[in-house]
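A closer look at the structure
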Amino acid sequence: MPGMMDNEYAVRTELFGRHTNGAYVQFIKRMGFEINVKSAQGAVVVDVDGKKYIDCIAGYGNCVLGHNNPAVSNAVIEELRSLRPYNLPFIHDVQAQLARTLAEMAPGELECCFFVNSGAEAVETALKLARLSTGKPGVICMRGAWHGFTFGCMSVSEPSMWKNFAPLLDHVTHVPYSDVAVVEAAIDERVGCVIVEPIQAENGAIVPAPGYLKSLEGVCKRRGILLLFDEVKTGIAKTGKLFACQYDNVVPDILIIGKALGGGVMPIGGVVAKRGVWSKFGLSFPMSSSSGAGNAPACAAALATLRTVEAENLCEQAYKKGNLLRAGLRDLMTDFPKIILNVSGAGLLLGLHVTSMKCASNIVARCAGEGVLVMNAFCDRTKILIEPPAVIANEEIGEVVRVLTRAVAACDGP
Ligand SMILES: Cc1ncc(COP(=O)(O)O)c(C=O)c1O
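Residues numbered from 1 in each chain as written. Predicted model: local features only at pLDDT ≥ 70, side-chain atom pairs only at ≥ 80, totals over all residues. Heavy atoms only, no water.

Okay, helix α11 (residues 357-369) next. Its 13 residues give α11 an end-to-end C-alpha distance of 18 Å, which sits within 8% of 18 Å, the value for a rise of 1.5 Å per residue. Inspection of α11 places Cys359, Ala360, Ile363, Val364, Cys367 and Ala368 among the buried residues, and these make up the whole buried set. Packing partners of the buried residues in α11 comprise β3 (52-55), β12 (349-354), β13 (372-373), β14 (375-376), β15 (383-386) and α12 (394-410). At the exit of α11 stands Gly371, carrying a positive phi of roughly 90 degrees. (Helix = DSSP H or I, 4+ residues; strand = E, 2+ residues; numbered from the N terminus. Expected span 1.5 Å × (residues − 1). Buried < 20%, exposed > 50% of the residue type's maximum accessible area, 1.4 Å probe, protein only. Contact = heavy atoms within 4.5 Å.)

This is the structure in structure tokens:
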């Protein structure tokens with residue numbers, strides 16, 4: 001009964017708004033995302049009235065394997081049914097297996113892993129590890145970056161996003177993205193590391209200039225500082241490689257992962273580092289993170305995720321489907337040059353650059369009304385992020401492009 005469900009939805013959002021986050025309820029309304037969801041499978045979310053939505057937000061990148069991936073869900077259920085204790089202080093087989101699998105799958109000599117509960121915690125862990133390893137407090141980071149909501153993460157993120165929370169960490173230098181010379185110029189005796197996203201996701205899927213990551217690697221090696229890649233968003237097959245840095249054959253000292261690692265089912269983040277960086281890790285008790293970190297069901301989800309990525313060739317799928325989607329978006333750019341200024345990104349992490357924030361938000365809301373979920377990028381709301389799961393069907397990509405085309409055509413312009 002739609003009436004009853006509407007009422008149930010109203011009660012739910014009223015309770016959530018009153019006790020949790022009223023501003024979020026208003027935001028969802030404004031964006032056209034007031035959807036009373038009932039189920040989700042693959043790239044599709046279904047509401048209580050049976051209306052389908054192709055989900056190109058996909059849990060902000062958590063659901064690269066699609067919603068309710070059976071391999072991941074079953075691995076978690078199996079772990080729970082085992083009745084083994086899955087918290088600390090025990091060492092779990094799934095955690096050991098996950099660490100070994102990541103060490104095998106990660107590029108280069110990345111072989112030491114540590115698991116936490118989220119992408120933000122993983123970034124914190126990497127920053128602490130860099131400080132521990134180098135003994136230096138200074139961090140160079142990028143304008144336009146987004147690394148998460150903790151104080152440490154915000155400190156190294158785009159400054160306009162955290163101005164209400166200052167003061168944050170000391171010794172942090174923000175430099176323009178995709179410019180190696182400014183990084184080199186900012187290195188002094190206090191700097192221990194550079195943190196960078198291989199593609200700036202929340203700035204609108206911005207890809208740096210060719211050779212940038214390789215040059216950064218060279219500068220860091222030459223100046224004796226660590227290179228940290230935040231692949232929380234770009235990792236786990238999303239861009240067409242297991243990790244985006246593999247496009248450039250660059251191996252960081254510390255790789256930071258999260259989001260899709262949990263298969264869209266469990267929260268988990270982690271770092272994978274070179275052994276040299278790890279040497280002081282065990283000597284420092286404050287490196288160990290939190291009581292729930294690395295719990296067995298989360299590790300089981302991550303292990304199943306990595307195995308599914310391999311078994312279902314999800315990197316290749318993301319690459320090919322990304323090309324198909326990108327071709328459609330580029331047609332949009334050709335057909336509406338005054339509204340769509342550019343298309344950026346790689347694989348299934350794509351950014352549509354719109355002439356104004358108002359226009360971008362209108363497109364987002366219209367798409368939601370027509371059954372396609374996309375979202376403004378967090379740091380630059382003139383850009384629309386389109387990041388469907390790698391299991392999206394080609395016909396669904398066609399539908400995404402058709403709906404976007406109608407939404408852009410209906411956009412009033414700047
Ligand atoms: C590149 C990047 N790093 C870190 C994070 C933080 O991850 P989480 O929100 O899962 O803590 C995000 C979240 O959007 C991100 O995009």
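From this point, the discussion proceeds with the structure in view.
This part covers the domain arrangement of the chain. Looking at the chain, the domain boundaries give domain 1 (31-61 + 313-410) and domain 2 (70-311). For domain 1 versus domain 2, the distance between C-alpha centres works out to 26 Å. Taken together, the contact between domain 1 and domain 2 spans 24 residues of the former and 30 residues of the latter. Around 2,000 Å² of area is buried between domain 1 and domain 2 when both sides are counted, 64% of it from carbon and sulfur atoms. (Domains from an automatic or database assignment. Buried area = accessible area lost by both parts, 1.4 Å probe.)

The interhelical angle for the contact between α11 and α12, taken along N-to-C directions, is 135 degrees, at an axis separation of 9 Å. When the interaxial angle is binned, α11 and α12 end up oblique. Where α11 crosses over α12, the two elements pack in a sense that is right-handed. Contacts between α11 and α12 involve Ile363, Arg366 and Cys367 from the first element and Val403, Leu404, Ala407, Val408 and Ala410 from the second. For the contact of α11 with α12, the per-class residue count stands at seven nonpolar, no polar and one charged. (Axes fitted to C-alpha atoms, helices over the stretch in contact; angles between N-to-C directions. Parallel < 35°, antiparallel > 145°, perpendicular 65-115°, else oblique. Left-handed = near helix turned anticlockwise from the far one by under 90°. Nonpolar A, V, L, I, M, F, W, Y, C, P; charged D, E, K, R; others polar.)

Next up on the list: the pairing of strand β9 (residues 254-257). The two faces of β9 match: Ile254 and Ile256 on one face and Leu255 and Ile257 on the other face are all buried. For strand β8 (residues 226-230) and β9, the ladder comprises three bridges, and the chain directions are parallel. Bridge pairing links Leu228 to Ile254 in β9. Bridge analysis of β9 against strand β10 (residues 269-274) gives four bridges, and the strand direction is antiparallel. (Pairing = 2+ DSSP bridges.)

As a structural note, the neighbourhood of the ligand is formed by Ser118, Gly119, Ala120, Trp146, His147, Gly148, Glu197, Asp230, Val232, Lys233 and Lys259. Between the ligand and Ala120, the relevant distance is 2.8 Å, taken from an oxygen atom to a main-chain nitrogen or oxygen of the residue. Contacts to the ligand include Lys259, whose side-chain N or O atom sits 3.1 Å from an oxygen atom. The class makeup of the residues in the shell around the ligand is three nonpolar, four polar and four charged. (Near = heavy atom within 4 Å. Polar contact = N/O pair within 3.5 Å; in protein donor to acceptor, adjacent residues only side chain to side chain.)

Tracing the chain through its elements places Gly138 in strand β5 (residues 138-142). Exposure remark for Gly138: the relative accessible area of 2% places this residue in the buried category. Sequence separation between Gly138 and Gly192 is 54 residues; the distance between their C-alpha atoms is 5.4 Å.

In this section: the packing of helix α2 (residues 70-81) against helix α9 (residues 296-311). In the contact formed by α2 and α9, the axes pass within 8 Å of each other and the chain directions differ by 150 degrees. The two elements α2 and α9 meet at a crossing, and its hand is right-handed. Residues Ala71, Val72, Ala75, Val76, Glu79 and Leu80 of α2 form the contact with α9, whose own contacting residues are Ala296, Pro297, Ala300, Ala301, Ala304, Thr305 and Thr308.

So, on to the pattern of salt bridges. Counting across every chain of the model gives 17 salt bridges. For the salt bridge of Glu14 with Arg18, the shortest nitrogen-to-oxygen distance reads 2.9 Å. Taken together, the residues span about one helical turn, with Glu14 and Arg18 both in helix α1 (residues 2-30) at a distance of four residues. Taking the relative accessible area as the measure of exposure, Glu14 reaches 40% and is therefore partly exposed. (Salt bridge = Lys/Arg side-chain N within 4 Å of Asp/Glu carboxyl O.)

If you walk across this open sheet you meet the seven strands as β4-β10-β9-β8-β7-β5-β6, and the pairing is mixed. If you trace the sheet from one side to the other, it starts and ends with β4 (110-116) and β6 (172-175), each paired once. In this sheet, neighbouring strand axes are inclined to one another by 20 degrees on average, regardless of whether the strands run parallel or antiparallel. Note that β5 and β6 share four bridges and pair parallel. Paired with Val139 across the strands is Val172, a residue of β6. The sheet contacts of helix α4 (residues 119-134) involve β4, β5, β7 (191-196), β8, β9 and β10, and relative to β9 the element is tilted by about 165 degrees. The strands touched by helix α7 (residues 212-223) within the sheet are β5, β7 and β8, with β8 carrying the most contacts at an inclination of about 150 degrees.

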